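# Commentary on secondary and tertiary structure
Each chain, letter by letter, is given below.
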There are 2 protein chains.
Amino acid sequence: MAKKVKIEIDSSTEEKIKEAARKVFTKNGFAATRTRDIAEEAGINLALLNYYFRSKEKLFDIVMHENMQKFLMVLHGVFNMESTSLTEKVEAIADNYINLLKEHPDLPLFVLSEIRANPEKFALSMGIKKILLESHFYKQIKERTKAKINPLHLVMNIIGLTVFPFIASPLLQRVGNLKQSEFDKLMDERRKLIPEWIDGMLNKR
Amino acid sequence: MAKKVKIEIDSSTEEKIKEAARKVFTKNGFAATRTRDIAEEAGINLALLNYYFRSKEKLFDIVMHENMQKFLMVLHGVFNMESTSLTEKVEAIADNYINLLKEHPDLPLFVLSEIRANPEKFALSMGIKKILLESHFYKQIKERTKAKINPLHLVMNIIGLTVFPFIASPLLQRVGNLKQSEFDKLMDERRKLIPEWIDGMLNKR
DNA sequence: GTCTATAATTCGATAGAC
DNA sequence: GTCTATCGAATTATAGAC
């Protein structure tokens, strides 16, 4: 009577394709990705990809949506905690993003590039405004800054200080002569540093 | 006897094509750009594009190189000034980058995306390491931080705080409900704010 | 559901007239 | 130098056998 529980989540062909698509699309972007490469990565045939998802674009939309979700989920989880201090929220954002980005370093560049390429496609993307502007987090920043400074500056800084090093990592690792492990170590240091820096900004003046 | 001076720099067909290519490539990236679009943007024919530049890739390499130059020139101009203070250097970097990025907001996302897509292509890209690691700027940061913190953190922060808002602007303008003019105003405010924030980081502890 | 083979389309590049 | 017309390669999508 009970519905059969799907135990092996990733072994279905559909999931294999989606996972392969996520990997290849996120690394190369939409235009530079060939459906053949996705099929190969998934270990299946090209025709099968079109059997499950009707087109390259349909498949891309799914991957893109899931990637954006990952990106926004970090913020959404933190923004409306009522009981935590502002500093604790900043710590949580930095910590969670660094975890996410160590695992998926291509994520931000992919998301931001594709949004810039097709802004109209993500125009509707629900009320993202409300997520930030009406959040408890945003209220806390406004209180602390006391109208001395636009709260958006602080939001930009929190996200930017966390995300930017990953976006620039190819350049940074070359410029700084860093091995991957050294880069990772730097990012781990930032879990503590970013909240301190943001604190300094909030206490200014 | 004297070489003829080229007065109308931009009116030559070759320049028109390069300018169109810069615009389209920078907006869409290499893979998503069609040579036909460049030709149309330049107001010339597709065949002519291949007459002047042998291939799409050759044309791209030129544009890419010029874009990277723009990006690095800002740093290069500031890094080895002997007579300015660290704070003055930070002011100069923020100020010059904000000027550059207000005019060419697509620049950073383009450069960073293409580097990530083809790291080997930019591997040789001269001794970028030396430009930073042996600069007067880097020495000044090391002195001020007194080994309490890796100087690369500060470099990341200076560039990141300046560049990231432009990278994320499509999302930011939506999230913050900003018009272009309001966004520009925020960026202008950051010319003063970024040096203050960096100062705060340097004086910590 | 999965495959092979192929149709249909897109796009970079070239031939050749002017 | 500049154009029109077209070739050829690459790639998405589909038809049809199993």
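Description of the structure in this document. (Residues numbered from 1 in each chain as written. Chains lettered and ligands numbered in written order. Predicted model: local features only at pLDDT ≥ 70, side-chain atom pairs only at ≥ 80, totals over all residues. Heavy atoms only, no water.)

### A short note on the overall build of chain A
For chain A, the count of helices and strands is 11 helices and 0 strands. Listed by position from the N terminus, the elements making up chain A come as α-α-α-α-α-α-α-α-α-α-α. Each principal axis of the C-alpha atoms in chain A carries an extent, and together these give about 65 × 50 × 40 Å. Here chain A holds 205 residues, and the buried ones make up 48% of them. The long-range share in chain A, meaning contacts at least 24 apart out of those at least 6 apart in sequence, stands at 66%. Roughly 10,900 Å² of accessible area belongs to chain A as shown, and the carbon and sulfur atoms make up 52% of that amount. (Helix = DSSP H or I, 4+ residues; strand = E, 2+ residues; numbered from the N terminus. Buried < 20%, exposed > 50% of the residue type's maximum accessible area, 1.4 Å probe, protein only. Contact = heavy atoms within 4.5 Å. Areas by Shrake-Rupley, 256 points an atom, 1.4 Å probe, with all protein chains shown as cover.)

### As for the side chain of S169 of chain A
Tracing the backbone shows S169 of chain A in helix α10 (residues 169–175). Classification of S169 of chain A by relative accessible area gives buried; the value is 6%. When sequence neighbours within four positions are dropped, the list of residues in contact with S169 of chain A reads F183 of chain A together with R116 of chain B.

### Details of the packing of aromatic side chains
Taken as a whole and judged by the stated rule, the model has 16 aromatic pairs over all chains. Between the aromatic rings of F30 of chain B and F60 of chain B, the centroid separation amounts to 4.9 Å while the plane-to-plane angle is 65 degrees, which identifies the pairing as edge-to-face. Separated by 30 residues along the polypeptide, F30 of chain B in the loop between α1 (13–28) and α2 (35–42) and F60 of chain B in helix α4 (residues 56–79) bring together distant segments of the chain. Centroid distance F79 of chain B to F137 of chain B: 4.8 Å. Interplanar angle 10 degrees. Geometry classified as stacked. With F79 of chain B in helix α4 and F137 of chain B in helix α8 (residues 136–145), this pair connects stretches of sequence that are 58 residues apart. The exposure classification of F79 of chain B matches that of F137 of chain B, with both residues buried. Through a chain of ring-to-ring contacts, three or more aromatic side chains come together here, namely F25, F30, F60 and F110 of chain A. Over the ring of F30 of chain A we find K56 of chain A; its NZ or CZ atom is 4.4 Å from the centre of that ring. (Phe/Tyr/Trp six-rings, centres within 6.5 Å; stacked < 30°, edge-to-face > 60°. Lys NZ or Arg CZ within 6 Å of the ring centre and 35° of its normal.)

### Quick notes on the relation of the copies chain A and chain B
The two copies are related by a screw motion: chain A maps onto chain B through a turn of 180 degrees and a shift of 0.0 Å along the axis, at an RMSD of 0.2 Å. Such values leave the two copies arranged in the relation of a two-fold axis. The C-alpha atom lying nearest the rotation axis in chain A is that of A31 of chain A; the distance is 2.7 Å. Taken together, the interface assignments show that 100% of the residues at the interface of chain A recur at the interface of chain B, consistent with an identical surface on both copies. (Least-squares fit on C-alpha atoms with pLDDT ≥ 70 in both.)

### Focus: the protein's contact with DNA strand C
Among the 15 residues in the neighbourhood of DNA strand C, the closest are listed as N45 and Y52 of chain A together with R34, T35 and R36 of chain B. Near-protein atoms of DNA strand C (within 4 Å) split between backbone and bases, with sugar and phosphate holding 52%. In the environment of DNA strand C, a phosphate oxygen lies 2.4 Å from a nitrogen or oxygen atom belonging to the side chain of R34 of chain B. One of the backbone nitrogen or oxygen atoms of K56 of chain B is found 2.8 Å away from a phosphate oxygen of DNA strand C. For the surface near DNA strand C, the secondary structure elements donating two or more residues are α3 (46–52) of chain A together with α2 and α3 (46–52) of chain B. Examining the composition of the surface near DNA strand C, we find that 4 residues originate from one element, α3 of chain A, more than from any other. Broken down by class, the residue content of the surface near DNA strand C amounts to 6 nonpolar, 6 polar and 3 charged. (Near = heavy atom within 4 Å. Polar contact = N/O pair within 3.5 Å; in protein donor to acceptor, adjacent residues only side chain to side chain. Nonpolar A, V, L, I, M, F, W, Y, C, P; charged D, E, K, R; others polar.)

### A few points about the protein's contact with DNA strand D
The environment of DNA strand D is made up of 16 residues, and the closest members are R34, T35 and R36 of chain A together with N45 and Y52 of chain B. The sugar-phosphate portion of DNA strand D accounts for 61% of its atoms within 4 Å of the protein, the bases making up the rest. In this structure, T35 of chain A approaches DNA strand D through a side-chain N or O atom, which is 2.7 Å from a phosphate oxygen. Within the side chain of N45 of chain B, a nitrogen or oxygen atom sits 3.0 Å from a phosphate oxygen of DNA strand D. Those elements that place two or more of their residues in the surface near DNA strand D are α2 (35–42) and α3 of chain A together with α3 of chain B. Examining the composition of the surface near DNA strand D, we find that 4 residues originate from one element, α3 of chain B, more than from any other. A class-by-class count of the residues in the surface near DNA strand D yields 6 nonpolar, 6 polar and 4 charged.

### Brief notes about the nonpolar core
As a rule of thumb, soluble globular proteins bury nonpolar side chains together. Counting residues in each nonpolar core, the largest one holds 136 residues, and the members touching the most others are I38 and I198 of chain A together with I38 and I198 of chain B. Leave out the neighbours within four places in its chain, and I198 of chain B touches V90, L154, N157, I158 and L161 of chain B. (Core = buried A, V, L, I, M, F, W, Y, C linked by side-chain atoms within 4.5 Å.)

### Some points on the interface of chain A and chain B
In this assembly, 50 residues from chain A lie in contact with 51 residues from chain B. For the pair chain A and chain B, the two sides together bury roughly 4,800 Å², of which 72% comes from carbon and sulfur. Summed over the shared surface of chain A and chain B, the result is 2 salt bridges. A salt bridge links R116 of chain A to D106 of chain B, with the nearest nitrogen and oxygen atoms 2.6 Å apart. At the surface where chain A touches chain B, the tally comes to 13 residue pairs in polar contact (both at pLDDT 80 or more). Elements with a minimum of two residues in the side of chain A that touches chain B: α6 (107–117), α7 (128–133), α9 (151–167), α10 and α11 (180–203) of chain A. Of the residues forming the side of chain A that touches chain B, the biggest block, 12 residues, is contributed by α9 of chain A. (Buried area = accessible area lost by both parts, 1.4 Å probe. Salt bridge = Lys/Arg side-chain N within 4 Å of Asp/Glu carboxyl O.)

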